[in-house]
Amino acid sequence: MSSLLTDHLLSLIIAVPFIGMVVLAFLSERKWVLSVTLAITLINAALAFYLWSQFSLVESGMQFVERMEWMPTFGIEYAVGVDGISLLLVLLTTILPPLCVLGSWESITSRLKAFMMLILLVEGAMLVVFTALDAFLFFMMWEVTMVPMYFMIVLWGGPNRIAAGLKYVLYSLAGSLLLLVGILALSLQAGTFDIQSLAGFTYSENSEFWIFLALFLGFAIKLPMLPFHTWLPDAHSEAPTAGSVLLAGVLLKMGGYGLIRFCLPIFPEMAHAFAPTVLWLSVIGILYGGYMALAQTDLKRLVAYSSVSHMGFVTLGIFSFNNEGIEGATLQMVTHGVTTGAMFLLVGHLYDRTHSREIADYGGLQQRMPRFVAILSLFAVASFGLPTTSNFIGEFLILVGVSYENFIFVVLAMGGIVLGAAYMLWMLQRVAFGEARTDAARKITDINAREMLAVIPLAIVVIGIGIYPGPLLETMDASVTFVVERLAMGQ
Amino acid sequence: MMIYVLIPLLPLAAAFVLAIFGEQLQGKGQRLVIPAVALSFGVSFLAFLDVSANGAIRVQVFQLLNVGQLKIDFGFYLDQLTVLLLLLVTGVSTVVQVYSSRYMVSDPRHSRFFALTALFTAAMTLLVMSSNLMVTFIFWELMGICSYLLISHYSERSSAARAATKVFLVNSIADAGLLVGIILTYLSFETLDIPEILAIAQSANDIPTESLTLITLCLFCGAVGKSAQMPAHVWLPFAMEAPTPVSALIHAATMVNAGPFLLVRLSPILVLAPNAMMVIATVGAITALFAAVVSLTQTDIKRVLAYSTISQLGFMIMLCGVGAFVAAILHLIAHGCFKAFLFLSTGNSLAGTHRHLESSQEKPALSSSGLFIGALIMSLIPALVIFSGSYQFLWISQSSVAANIALWIVGLGTIFFTAMYLFNCVTTVFQRGPTGASDSEPVVRPSLFSPRHVFGITVVVAVMIALLIGVWRWFAGFLSPVVGGMQAQPASEFSAWLLLPLFAALAGWIIAYYRFSHPGPPHTGIWKKRLYVFFLNKGYFDEIYDVFLVRPTIKFSGWMWRRIDQGIVDRLVLSLGSASIGIARRLGYLDSAVDNRVTSVGTGSVTVAHWLGKFVDTAGISRTVDGIGQGADATGRAARHYEPHTLQHNLLIVVLWLVAALGFFYWIAG
């Protein structure tokens, strides 16, 4: 066991969800299914934290690397490893599922076992995506994440779930097609699927542009970037709570992670060439997402559009090509996963009670649900980057990073923060304050201990990082410096 | 040195304990908060003694950020300016907490109130103590959110909820400017450490004046927001929705002072940007005058006090703008103490809905004399401050004669109007008595112009002048190490000009008294009426913002969402998808004719294309349904129709995709 823990820790973390799926297959009682899933996800989170404690802060390369031949004919390996950036996303990926299980404890009434298996499947697949060192493995698991999410939307979703699910699959497939083309073209030239070796190879002049574009579009759709974002509000709002949490919390981050892992180190010159366009698209996305969120009457859609805005910050940071920007972007990805995940959990708590996502159906919740409103307020203000929450640290670093490039982006992005304050506080005003507008809102009950338990850890994370971000930033510092140095070569 | 960490830590700890155990401590929150804040005041006093004996102190706590070139230390920098503000903040906070323990009794959200006021105290002390501009910004915003949460204390009132949102949004726009300014400072100075920045600013540096002007204006933008200067002044009257102790603590005595504090803290940068200082002085002057006139016309007593705060803050900002930083801080502290006193002494008679001057049903009680004395002193403060600190005031204004005269006029006008509205306020409530009160009830009215009072006032004024001149000398000497610019020593000779402010205040009193004792038909003449209505409506700022800023933004966002996002962006991508299906289909047929190996890929893509076609159609159908709004019926039918297929299809398709991809790869590689 000790050797398993020390030598194959990463594979163990990846395997736990899949093993959990098998275990779940033999269970039938509702209580058991829930608690076993919770236990499995908690074990995995604990393992991920153990991984973090064993992580060396000074090394810039991959750690905990494990390689195994898989399809030797094509040079495809099972190769996993983590650096600082992927470690943080692994942590995020393992923190959210237990909270999803808690959040859907009572709300999932039909086919519970299947639902829990899907949660585990998403978790497992995403862990591989964030740790894969082999481009083929990366792509395969990238595709696999789509399947459980689709089923979650279509089987357990809201009234428009079919259309939303189709749209989600359609966009995802378009993105992964481009990604597939890009990855195949890469490995055809370089003759390997190993991501680190891909970065060292020089590609032919004219192919470089197209490969970069294909990869970039593939990741941009997932993020999503303007103008490929329209799948997101539909998918988010129709998905069940756990689906929305995983979708917004972790799945979107695959796009940002892909940009840092593939686009930047493999094509530094192309990244520099594309940077102005991407930066402009990012700030437009920040403002556009903010405006769209202001117009929403549906709570989940509001949060979904706010994600578009926040993901604009992520690309803004990544394409400023310096430590401040990229570390800010990674922190923003983690922190957005936590806040938006919590927002969806909270909206889910409301939805469980009244079966309405309309802002207009609530009002005056503070009188009936003081605990809920306190936590909702915390995450609402965190969402627009109030200082002392982690979002502020991320946004501040991104703004400093991009200020080295061009100051106009700072000014424009600031507009996005103001818009963020506007839609979040306006939402809070209409939902939490004033007088209840419907009978359902008048009779609503405050959240119970289990529901509190689902969001309190996230609240601690948000404030903890906001006050003391050091450990997270130190974790990724060496890895980001490595990427930045690689990028500096492309100038 | 580390003992000074207790200053913010004690209120912070009290706030956390209350936040977590609030339900158990219901009604007893003050027993925790008052000792914490009072102890914090005690430690502040120690810091004051320490600093006045040994000079500035630095305390390093931990490193907040160390990324790339950016290094942010979380630490404290206590100098003369800081300790003065610490005393003000913790002192006023203690008094207000003691007062609130009676005022908020039996309030359902008792713990929340005390937790938030304690958190606010911690944030404000951290703000003044912070040694780094970014940390300053953090607590700047934290104060803002405390203010937001306290304004929405009576959250059942939708007016309170609306006011809270409005207040925070106005501030967040200004704070965006502040953050821009901080990042600009970082780009120019390459550090955000306040002592380092000040050292760079005071030494010879090659930072161009233009960028210094820009930095100063951006930082001033934050001060405009927090200190309610025009055009962002609209938030302060709305903030009066908060419970009265909050109005006293946050919206009159402490938080609003953050603006002048920031300007004085960064005064060495300010003096390097004379153009920016001109802007600051102008904004402050306009605000001071405008708000003074507006408060003359208001009938809601809390609103009168709010506009009076705006006016006084404008005065401080103006003093900063002309380089009289020490005078600004003296005014700040004097105003903070007296405004808190004023609010608290009126608090009981203002409780609840009886806030209108005309309809006040309260019998004048002991509190009335409090309001009375507070008002008297208030009206004299600007005069006295100018009087005592005018040497500095005169010094810098020599730069431009026109500006000098303009600022003098504005300053005197403000003093004049301040005296007038405060007189109005006091006499209307307590002399004339509440309107609508039946005559049968005997009303005790303090008579204002008894010889006793006149004598008392004369003595008070004389004593205060003497005190202020004495205090001023010590004060100017004490603060001189921290403020920028050339500091003129207080001259000893007496200048007749310095009597002008006193005369202005006196004139205000006399005119107000005349109007009070000779109530003629009010507001005759079309111009007079229009002007009155204009100021009664606070210059229509709220309406203008609402019509030209708020509503268009909301409307525009709705329009953009329906027309652009759903109408164009969404459809564009879908039509791109359907176009590619056609291509894929054709490619599939072509390929199948070529090679066996290719055939497999071809059939794969044909299947995919068929499937894509089906999916696009479905999506298209539901989209049209959504768009035209034929009802959920059709969507439901479409959904029922497609559900059984899509499930199996989808799994199949994903598998097919993987197989096709593998096949394609095999064909290429092999």
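Remember, it's a predicted structure, so these values are computed and weren't measured experimentally. (Residues numbered from 1 in each chain as written. Chains lettered and ligands numbered in written order. Predicted model: local features only at pLDDT ≥ 70, side-chain atom pairs only at ≥ 80, totals over all residues.)

Engineer: Can you tell me about the overall build of chain A, naming the residues and giving the values?
Structural biologist: Secondary structure assignment for chain A yields 22 helices and two strands. The C-alpha radius of gyration of chain A comes to 21 Å, within 12% of the 23 Å expected for a compact globule of 491 residues. Counting only C-alpha atoms, chain A reaches 65 × 55 × 40 Å along its principal axes. Here the contacts in chain A between residues at least 6 apart in sequence split such that 80% fall between residues at least 24 apart. (Helix = DSSP H or I, 4+ residues; strand = E, 2+ residues; numbered from the N terminus. Rg over C-alpha atoms; globule rule 2.2 N^0.38 Å. Contact = placed C-beta atoms within 7 Å.)

Engineer: Report on the packing of helix α4 (residues 84–103) of chain A against helix α22 (residues 470–489) of chain A, specifying residues and quantitative values.
Structural biologist: Residue and element names in this part refer to chain A. Look at α4 against α22: their axes get within 7 Å of each other, and the N-to-C directions meet at 140°. Here α4 is positioned oblique relative to α22, judged by the angle of their axes. Between α4 and α22, the contacting residues are Gly84, Ile85, Leu87 and Leu88 on the first element and Leu472, Thr475, Met476, Asp477, Ala478, Ser479 and Val480 on the second. When grouped by side-chain class, the residues that make up the contact of α4 with α22 number seven nonpolar, three polar and one charged. (Axes fitted to C-alpha atoms, helices over the stretch in contact; angles between N-to-C directions. Parallel < 35°, antiparallel > 145°, perpendicular 65-115°, else oblique. Nonpolar A, V, L, I, M, F, W, Y, C, P; charged D, E, K, R; others polar.)

Engineer: Can you tell me about the domain arrangement of chain B, naming the residues and giving the values?
Structural biologist: Residues and elements named next belong to chain B. For chain B, the domain assignment lists domain 1 (1–131), domain 2 (232–536) and domain 3 (558–669). Counting from both sides, the interface comprises 22 residues of domain 1 and, opposite them, 24 residues of domain 2. Those elements giving two or more residues to the side of domain 1 that touches domain 2 turn out to be α3 (80–103) and α4 (110–129). A per-element tally of the side of domain 1 that touches domain 2 places α3 first, with 13 residues. Each residue belonging to the side of domain 1 that touches domain 2 can be placed in one class, and the counts come to 16 nonpolar, five polar and one charged. (Domains from an automatic or database assignment.)

Engineer: Can you lay out the interface of chain A and chain B for me, pointing to particular residues and giving the numbers?
Structural biologist: Interfaces are often sized by the amount of accessible area the parts lose when they come together. Chain A puts 56 residues into the contact, and the matching count from chain B is 57 residues. Every element with two or more residues in the side of chain A that touches chain B is listed here: α6 (135–156), α7 (161–190), α13 (268–295), α15 (323–354), α16 (365–368), α18 (390–403), α19 (407–432) and α22 of chain A. Of the residues contributing to the side of chain A that touches chain B, the split by class is 39 nonpolar, 12 polar and five charged.

Engineer: Lay out the pairing of strand β1 (residues 63–71) of chain A with the relevant residues and their values.
Structural biologist: In the case of a regular strand, side chains alternate between the two sheet surfaces. Residues and elements named next belong to chain A. Both β1 and strand β2 (residues 76–82) contribute to a ladder of six bridges, which runs antiparallel. Bridge pairing links Glu66 to Val80 in β2. Joining the antiparallel neighbours β1 and β2 is a turn of four residues, in which Gly75 adopts a positive phi near 70°. (Pairing = 2+ DSSP bridges.)

Engineer: So, the environment of Phe433 of chain A: which residues are in play, and what are the values?
Structural biologist: The topology assignment puts Phe433 of chain A in the loop between α19 and α20 (439–442). Its 25 C-beta neighbours within 10 Å are what place Phe433 of chain A among the buried residues. On a C-alpha basis, the gap between Phe433 of chain A and Val373 of chain A in space is 9.1 Å, while along the polypeptide they are 60 residues apart. Sequence-distant contacts of Phe433 of chain A, defined by excluding residues within four places in its chain, comprise Gly364 and Gln366 of chain A together with Ser152, Ser155 and Ala161 of chain B. (Buried ≥ 20, exposed ≤ 12 C-beta atoms within 10 Å, placed from the backbone.)

Engineer: Run through the pairing of strand β2 (residues 70–78) of chain B, naming residues and quoting values.
Structural biologist: All names here are of chain B. Bridging between strand β1 (residues 57–67) and β2 involves nine bridges; their strand directions are antiparallel. Following the sheet pairing, Val67 is matched in β2 by Leu70. Linking β1 to β2, which pair antiparallel, is a turn of two residues; within it Gly68 sits at a positive phi near 55°.

Engineer: Give me the environment of Met424 of chain A: which residues, what numbers.
Structural biologist: All names here are of chain A. Of note, Met424 is situated in helix α19. The exposure class assigned to Met424 is buried, which follows from the 27 C-beta atoms found within 10 Å. Once the C-alpha coordinates of Met424 and Ala163 are considered, the two residues, 261 residues apart in sequence, prove to be 28 Å apart. If we skip the residues at most four places from it in the chain, Met424 touches Ala380, Ser383 and Phe384.

Engineer: A description of α6 of chain A should follow, citing residues and the corresponding values.
Structural biologist: Taking 1.5 Å per residue as the helical rise, α6 of chain A with its 22 residues ought to reach 32 Å, and the 32 Å between its terminal C-alpha atoms agrees with that figure. Judged by how many residues are buried, α6 of chain A sits mostly within the fold: 18 of 22 residues are covered. (Expected span 1.5 Å × (residues − 1).)

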